[in-house]
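# Understanding the architecture of this molecule
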Amino acid sequence: GSNAEYMGRLVATPARLDFGSVSEGFVYGMELTLTNLGSMPCRFHLRPMQSEVHKNIHELLSFEHRKGPVAPGMSVRVAVQLVGLCVNAVEESLTVVTETNVIIVPIHATIRPGSEGGRMVAW
């Protein structure tokens, strides 16, 4: 085995963030949990988002979390905020970089016109 097995090992739950259909003009939140399954404290950072499609990606999506290493067996929550700025499909990825691995978390949302009501389900 390699030394990596004994170091911090973060896993992300859920593996993807799917906001579904959201309404233009509203703000939505989801939570990403990063858990350290390793035996050593693990440091991580979120790579600044780059988007081919959305020049305003930093206005569309924002992330907040407690800074500092994650102790073995502990979790840190990342608050993910999506702002329904304009009618569009959002298909981006959040990259979590640790000392031993890189985690890619896909983020999906469909921003619909506010008049459509977004989250409401028609039966």
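Keep in mind the model is a prediction, meaning the values are calculated, not measured.

### What to know about the side chain of Glu 92
Mapping Glu 92 onto the fold places it in strand β7 (residues 88–98). Lys 55 is the oppositely charged side chain nearest to the buried, salt-bridge-free Glu 92, at an N-O distance of 9.7 Å. Of note is the side chain of Glu 92, whose polar atom sits 2.7 Å from the side chain of Ser 51.

### A closer look at the environment of Ser 23
Relative to the helices and strands, Ser 23 resides in strand β2 (residues 17–23). Given a relative accessible area of 3%, Ser 23 falls into the buried group. Placed 60 residues apart in sequence, Ser 23 and Val 83 show a C-alpha to C-alpha distance of 9.2 Å.

### Overview of the nonpolar core
The biggest cluster of nonpolar side chains holds 28 residues, and the ones touching the most others in it are Phe 19, Leu 32, Leu 34, Phe 44 and Leu 61. For this core, the elements supplying multiple residues, two or more each, are β1 (10–13), β2, β3 (27–36), β4 (44–46), α1 (57–60), β6 (75–83), β7 and β8 (102–112). With 5 residues, β8 is the single largest residue contributor to this core. Aside from chain neighbours lying at most four places away, what touches Leu 32 is Ala 12, Thr 13, Pro 14, Leu 17, Val 76, Arg 77, Val 78, Val 80, Leu 94 and Val 105.

### Quick look at the sheet that holds β3
Pairing is antiparallel across the open sheet formed by 4 strands, whose spatial order is β1-β3-β6-β5. The open sheet has two free edges, formed respectively by β1 and β5 (61–64), since each of these has just one partner strand. Sheet twist, expressed as the average angle between the axes of neighbouring strands with direction ignored, equals 25°. The pairing of β5 with β6 spans 4 bridges and is antiparallel. Its bridge partner being in β6, Glu 64 is matched across the sheet by Ala 79.

Reading the values: the criteria
Residues numbered from 1 in each chain as written. Predicted model: local features only at pLDDT ≥ 70, side-chain atom pairs only at ≥ 80, totals over all residues. Heavy atoms only, no water. Helix = DSSP H or I, 4+ residues; strand = E, 2+ residues; numbered from the N terminus. Buried < 20%, exposed > 50% of the residue type's maximum accessible area, 1.4 Å probe, protein only. Lys, Arg positive; Asp, Glu negative; His and termini not counted. Salt bridge = Lys/Arg side-chain N within 4 Å of Asp/Glu carboxyl O. Polar contact = N/O pair within 3.5 Å; in protein donor to acceptor, adjacent residues only side chain to side chain. Core = buried A, V, L, I, M, F, W, Y, C linked by side-chain atoms within 4.5 Å. Contact = heavy atoms within 4.5 Å. Pairing = 2+ DSSP bridges. Axes fitted to C-alpha atoms, helices over the stretch in contact; angles between N-to-C directions.

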